Each structure stands twice: as structure tokens, then as C-alpha cells.
Amino acid sequence: AGLAQRFRSLAQVAARTGRDHVLPAGHAAAGARHNVVEQMAEVAVKNHAHGLLNPRAQYHLKLTVDAVRSSTMVVDPLTLMDCSPVTDGAAAKRA
């Protein structure tokens, strides 16, 4: 499988894990999907807010729940702003 297919598979695993964590098995509330998307977006907003406090963070983006929810869907319920950025993991220490 190509890189795009492997990434999509990994994203699908993460999405399923998120859904299972947020909603217990058999949850039948009418707004269940909305709740999952909203809660996942709140996590992304919180994580980016912490990044704003780090001057060496890869991105300094102040996000809103609406911005996260309106970003490109990767795999339901994860949008682009829910997902980690591509990085090489390298770090440098300033003298």
C-alpha cells in the first residue's frame, strides 16, 4: 500500500479510537455525532492554545471550535486541524 493509503488507515484507527473514547458502545443519542465532532474540536483548540505558550512550537495558531470543524475532513470525525502536523521529530537547542 502507498503512503497515502497507510496514512488514511492510521487516521481511520485514530478516528475510531476517538469515537470509542468519547461515546460508550451502543450510545444512541440523536446528537451523538455532533457531540463527538465538537469534543474532538475542543481538544484541538486546547492543544493549540498550549502551543501558543511555547515560543519554539512548530505552529502558533489560535484556533476556534468553528475553525477546526470547518477544516478539511480527513476521516470522520477527524478534520485536518484535529490531526498532528507532519514533522521529522528533530529538535534544536539554542545556545
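Before reading further, recall that the structure is shown in the block above.
As a starting point, this report considers the structure included with it. Only a predicted model underlies this, so the values are computations on that prediction, with no experimental measurement involved.

## Re the layout of surface pockets
- Taken as a whole, the largest pocket holds about 750 Å³ of empty space.
- As for the largest pocket, its lining consists of 23 residues, of which Met-81, Asp-82, Cys-83, Ser-84 and Pro-85 are closest to the centre.
- Elements that contribute at least two residues to the lining of the largest pocket include exactly helix H1 (3–22) and helix H2 (32–52).
- A per-element tally of the lining of the largest pocket places H2 first, with six residues.
- Residue classes in the lining of the largest pocket are distributed as 17 nonpolar, five polar and one charged.

## So, the nonpolar core
- Of all hydrophobic cores here, the largest spans seven residues; its members are Ala-11, Ala-15, Val-36, Met-40, Val-74, Val-75 and Leu-78.
- Excluding residues within four positions of it along the chain, Ala-15 makes contact with Val-75, Asp-76, Pro-77 and Leu-78.

## Remarks on the pattern of salt bridges
- This structure, assessed with the given rule, holds one salt bridge.
- A salt bridge links Glu-38 to Arg-69; its shortest N-O distance comes to 2.9 Å. Of this pair, Glu-38 sits in helix H2 while Arg-69 sits in helix H3 (residues 65–70), and the two are 31 residues apart along the sequence.
- On the accessibility criterion, Glu-38 (22% relative accessible area) is partly exposed.
- Using a relative accessible area of 33% as the deciding quantity, one classes Arg-69 as partly exposed.

Scoring rules and cut-offs
Residues numbered from 1 in each chain as written. Predicted model: local features only at pLDDT ≥ 70, side-chain atom pairs only at ≥ 80, totals over all residues. Heavy atoms only, no water. 1 Å grid on protein atoms, 1.4 Å probe; cavity = no way out; pocket = protein on both sides within 12 Å on 5 of 7 lines; lining within 4 Å. Points joined across faces, edges and corners; volume = space filled by probe spheres on them. Helix = DSSP H or I, 4+ residues; strand = E, 2+ residues; numbered from the N terminus. Nonpolar A, V, L, I, M, F, W, Y, C, P; charged D, E, K, R; others polar. Core = buried A, V, L, I, M, F, W, Y, C linked by side-chain atoms within 4.5 Å. Buried < 20%, exposed > 50% of the residue type's maximum accessible area, 1.4 Å probe, protein only. Contact = heavy atoms within 4.5 Å. Salt bridge = Lys/Arg side-chain N within 4 Å of Asp/Glu carboxyl O.

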